[in-house]
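Structural overview
Spelled out from the first residue to the last, the chains are:
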Amino acid sequence: MSTIEFRDVTLTYDVRPILDNLSLVIGDGEFLVLVGPSGSGKTTALRIVAGLLAPTAGQVLVGGRDVTRVAPADRDLAMVFQSYALYPHMTVRRNMEFGLKLAGVDRRERDSRVAAAAETLGLTELLDRRPRALSGGQRQRVAMGRALVRQPRAFLMDEPLSNLDAKLRVRVRAEIARIQRSLGTTTLYVTHDQTEAMTMADRVAVLHDGRLQQVGTPDDLFNRPANVFVAAFIGSPPANLVPGRLVAQDDAVALRVGDQTLTLPADLTALLALSNSAEVIVGVRPHDVETELPSDPALIIDIDVDLVERLGTETLAHGQMTAGILAGAAARAASLLTATDGEPSGAAPEVDSDRQTFTAALNPRIDVTVRGKLRLYVRAERLHLFDAETGTALATPRSLATTRLRERACEVDGLCATPGQEVAE
């Protein structure tokens, strides 16, 4: 069994936590991607597993064994670095076998492992070349081959594709995913590129400011984000964030955005009918908009288009919509997307109390022009609702966002959360 487990791992520099009580399990044979903006703590977490950093508190287990204080060489893990880290004076063959030679593996076994890895990675014809004669993609495959021949308990990969051009990155990430699935080796992969995370991972763990925000399949993170940060960070283009308010309307709950009032579906009403009025942030995925009025209840969005990006497969229309209300909610939404150092933590849209930026992903055949007007519709069931104070998703009885909603739930429906129940899913 080659599981990797973080148990309440914390690393603190000068009082500030770089990792804050990280608890996470990577299953045997699983490909898990740690994703987050720069400074989120993802590379720190990887280095703690590798033994290159020691945590301030907590434990790291590999295959059920506590390796927190074990030397890196004794953890039986193979790391693939961002910079390849190849020896320039050695051939591909010698680079790949070097670790085995140091470990005392005999010549025949070394040759067998190198030949098998070279065949898997398409490097057989390159074994006698030196790194300077290789392309970036070939060097990265050699770095992977060097890890592969060790037959480790797990692979640790630190942004291995960041030095490659866009076209090559697509090809190499497909190769990495294919090789991992064929070998079934537990893999912890770190990247800031959410496209890599969504296309390669069995599960994705999102870090922000040293804290785990959500863990789940790519589908979970995209369609059921746990909070505002995940909604804005996962997805390209990122989700639009618009201030709104929940209001009581007869026996239902309605969503008010600007001068519109939209009655929510019955299933949402059952969860949200716990307060007469509550400020929320409304998340809208750019690909969830429609240009024709649907038969189902929908939010109407009018934007003044100020930029059009024609990508061939789709057209991105960027513009301004009038939010009109809840300046406080807008400001809080902006603060939820800002790191403690004041720098933006992800590719999140700006939130403004009067003029709200909005991006729509449209069919390329739709006629849209700069300085034109565009009317869009979003079905009610495609909206993502977040509490304006905490940024938590209003999605299930466990994740009702605000304290006042939770307290009211206890009073009205007995939905009191037990300690430890409210965790990132």
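Everything discussed here concerns the structure shown above.
Below you will find a few notes about this structure. Note that the coordinates shown come from a computational prediction; the quantities given were computed from them, not determined experimentally. (Residues numbered from 1 in each chain as written. Predicted model: local features only at pLDDT ≥ 70, side-chain atom pairs only at ≥ 80, totals over all residues. Heavy atoms only, no water.)

Observations regarding the overall build of the protein chain
Worth spelling out the cut-off: Each helix corresponds to a stretch of at least 4 residues labelled H or I by DSSP, and each strand to a stretch of at least 2 residues labelled E; elements are numbered beginning at the N terminus. Only protein chains enter the area calculation, which uses a 1.4 Å probe; residues under 20% of their type maximum are buried, those over 50% are exposed, and those in between are partly exposed. A contact between two residues is defined here by any heavy atoms of the two lying within 4.5 Å. Residue burial considers only the protein chains on display, and all accessible areas are found by Shrake-Rupley using a 1.4 Å probe.
The helix and strand tally for the protein chain stands at 11 helices and 19 strands. Counting across all 425 residues of the protein chain, residues that qualify as buried make up 50%. Here the contacts in the protein chain between residues at least 6 apart in sequence split such that 70% fall between residues at least 24 apart. If you sum the accessible surface of the protein chain, you get close to 19500 Å²; carbon and sulfur atoms cover 48% of it.

Side note on the sheet that holds strand β1 (residues 4-13)
Think of a sheet as strands paired side by side through backbone hydrogen bonds, with each pair either parallel or antiparallel. Keep this limit in mind: Two strands are said to pair when DSSP picks up at least two bridges between them. Axis lines are fitted to C-alpha atoms, over the contacting stretch for helices. Their N-to-C directions set the angle, which ranges from 0 to 180 degrees.
With antiparallel pairing, the four strands of this open sheet are ordered in space as β2-β1-β4-β5. The outermost strands of the open sheet, each flanked by one partner alone, are β2 (16-26) and β5 (65-66). Where β1 and β2 come together, seven bridges link them in antiparallel fashion. When the sheet's bridge partners are listed, Val-9 is paired in β2 with Leu-22. Across the face of the sheet, helix α1 (residues 42-50) comes into contact with β1, β2 and β4 (57-62) while running at roughly 115° to β1.

Observations regarding a positive patch on the surface
Which entries qualify depends on this criterion: Patch building starts from residues that exceed 30% relative accessible area and form no salt bridge, then joins like charges within 9 Å and nonpolar side chains (Val, Leu, Ile, Met, Phe, Trp, Tyr) within 5 Å. For this analysis, a salt bridge means a side-chain nitrogen from Lys or Arg found within 4 Å of a carboxyl oxygen belonging to Asp or Glu. Only four residue types enter the charge count, namely Lys and Arg as positive and Asp and Glu as negative; His and the chain termini do not. To locate a charge, the coordinates of NZ of Lys, CZ of Arg, CG of Asp or CD of Glu are taken.
A contiguous patch of positive charge, built from Arg-94, Lys-101, Arg-130 and Arg-132, is present on the exposed surface. Here Lys-101 shows up in helix α2 (residues 92-102).

Regarding the pattern of salt bridges
Inspection of every chain in the model, using the stated rule, returns 19 salt bridges. When the shortest N-O distance is used, the salt bridge between Asp-209 and Arg-16 registers 3.2 Å. With Asp-209 in the loop between β9 (203-208) and β10 (211-216) and Arg-16 in strand β2, the pair connects residues that are 193 residues apart, well separated along the chain. Here Asp-209 falls in the buried class, since its relative accessible area comes to 15%. Residue classification places Arg-16 among the partly exposed residues on the basis of a relative accessible area of 39%.

Brief notes about the nonpolar core
As a reminder of what qualifies: Think of a nonpolar core as a cluster: buried Ala, Val, Leu, Ile, Met, Phe, Trp, Tyr and Cys residues, connected wherever their side-chain atoms sit within 4.5 Å.
Residues Val-35, Met-96, Ile-176, Tyr-189 and Val-206 are the most contacted members of the largest nonpolar core, which totals 44 residues. If one sorts the elements of this core by residue count, helix α4 (residues 136-148) sits on top with five residues. Sequence-distant contacts of Val-206, defined by excluding residues within four places in its chain, comprise Val-35, Arg-211, Leu-212, Gln-213, Gln-214, Leu-221, Phe-229, Val-230 and Ile-234. Counting 30 residues, the second largest nonpolar core, distinct from the first, contains Val-280, Ile-301, Val-378 and Leu-394.

Let's talk about the pairing of strand β3 (residues 31-35)
With five of five residues buried, β3 is to be regarded as a mostly interior element. The two faces of β3 match: Phe-31, Val-33 and Val-35 on one face and Leu-32 and Leu-34 on the other face are all buried. Where β3 lies against strand β8 (residues 186-191), five bridges are found, and the strand directions are parallel. By the bridge assignment for β8, Phe-31 is matched with Thr-187.

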